Amino acid sequence: DVRILYPTNFQFISRGTPIVIQANATDNVAVAKVDFYISGNNNRVCSVPTNSTNIYTCNWPATIARNLGRYSITVKTYDTSNNISQGRIMFFSWF
């Protein structure tokens, strides 16, 4: 199971602001890794190995969100059996 904690769905973020994407990922056995994708184009920006806190972060540089508009973030989690769970939100970059 994965839930994106930040940014929140439909949040407005100032253009050019660096974003630290945060997600909570759990599994009934174990999480193997968590991948972060931007705008649905399979542009993986981070791949994070498992940790003991179930909170995963990805630093997204400000230069990527410098354009005004709508962005999507997809977070995929993989368990030790390679099962996949994903969560998705949208946010807006503005002045």
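Counting of residues starts from 1 at the beginning of each chain's written sequence and follows it residue by residue. Selection of residues for local features in this predicted model requires a pLDDT of at least 70, selection of side-chain atom pairs for listing and counting requires 80 or more, and totals for whole chains, interfaces and linings are taken over all residues. Side-chain measures here rest on the full set of heavy atoms in the structure, leaving out hydrogens and waters.

## Observations regarding the state of the cysteines
So, point 1. Here, the term disulfide refers to a pair of cysteine sulfur atoms separated by no more than 2.5 Å. One pass over the structure, following the stated rule, counts one disulfide.
So, point 2. Here Cys-46 is linked by a disulfide to Cys-58, with a sulfur-sulfur distance of 2.0 Å. Looking down the S-S bond of the Cys-46 and Cys-58 bridge, the torsion is 75°, so its handedness is right-handed. With a gap of twelve residues between them, Cys-46 in strand β5 (residues 43-49) and Cys-58 in strand β6 (residues 55-60) connect regions that are remote in the sequence.
So, point 3. Per-residue accessibility, obtained with a 1.4 Å probe over protein chains only, is compared with the maximum for each type, and a residue is labelled buried under 20%, exposed over 50%, and partly exposed between these values. Classification of Cys-58 by relative accessible area gives buried; the value is 0%. Only DSSP runs of H or I reaching four residues or more are called helices, and only runs of E reaching two or more are called strands; each is numbered from the N terminus.

## Thoughts on the pattern of salt bridges
So, point 1. A carboxyl oxygen of Asp or Glu within 4 Å of a side-chain nitrogen of Lys or Arg is what we treat as a salt bridge. For the structure on display, the rule yields one salt bridge.
So, point 2. Residue Asp-35 pairs with Lys-33 through a salt bridge whose shortest N-O separation is 3.6 Å.
So, point 3. Given the relative accessible area of 1%, Asp-35 is considered buried.

## Comments concerning the sheet that holds strand β3 (residues 19-25)
So, point 1. Here the rule is simple: two strands pair whenever DSSP picks up at least two bridges between them. One open sheet holds the three strands; their spatial order is β1-β3-β6, and the pairing between them is antiparallel. Each edge of the sheet is formed by a strand with only one pairing partner; in this case those strands are β1 (2-6) and β6. Direction aside, the axes of adjacent strands within the sheet are offset by 25° on average.
So, point 2. As defined by bridge partners, β3 adjoins β6 across six bridges and the pair is classed as antiparallel. Within β6, the residue paired with Asn-24 across the bridge is Ile-55. Every angle, taken between N-to-C directions, lies between 0 and 180 degrees, and every axis is a line fitted to C-alpha atoms, over only the stretch in contact when it is a helix.

## Topic: the sheet that holds strand β4 (residues 31-38)
So, point 1. Spatial ordering of the open sheet is given by β2-β8-β7-β4-β5, a layout of five strands whose pairing is mixed. Edge strands, defined here as strands with exactly one partner in the open sheet, are β2 (11-14) and β5. Taking each pair of neighbouring strands and ignoring which way they run, the sheet shows an average axis angle of 30°.
So, point 2. Of the pairings in the sheet, the one linking β2 to strand β8 (residues 84-94) comprises four bridges and is parallel in character. Bridge assignment links Ile-13 to a residue of β8, and that residue is Ser-93.

## Brief notes about the environment of Asn-43
So, point 1. Mapped onto the elements of the fold, Asn-43 is located in strand β5.
So, point 2. Considered as a pair, Asn-43 and Val-20 are 23 residues apart in the sequence and their alpha carbons are 16 Å apart.
So, point 3. For this analysis, residues touch if any pair of their heavy atoms sits within 4.5 Å. For Asn-43, the residues in contact, after removing those within four places along its chain, are Phe-36, Tyr-37 and Ile-38.

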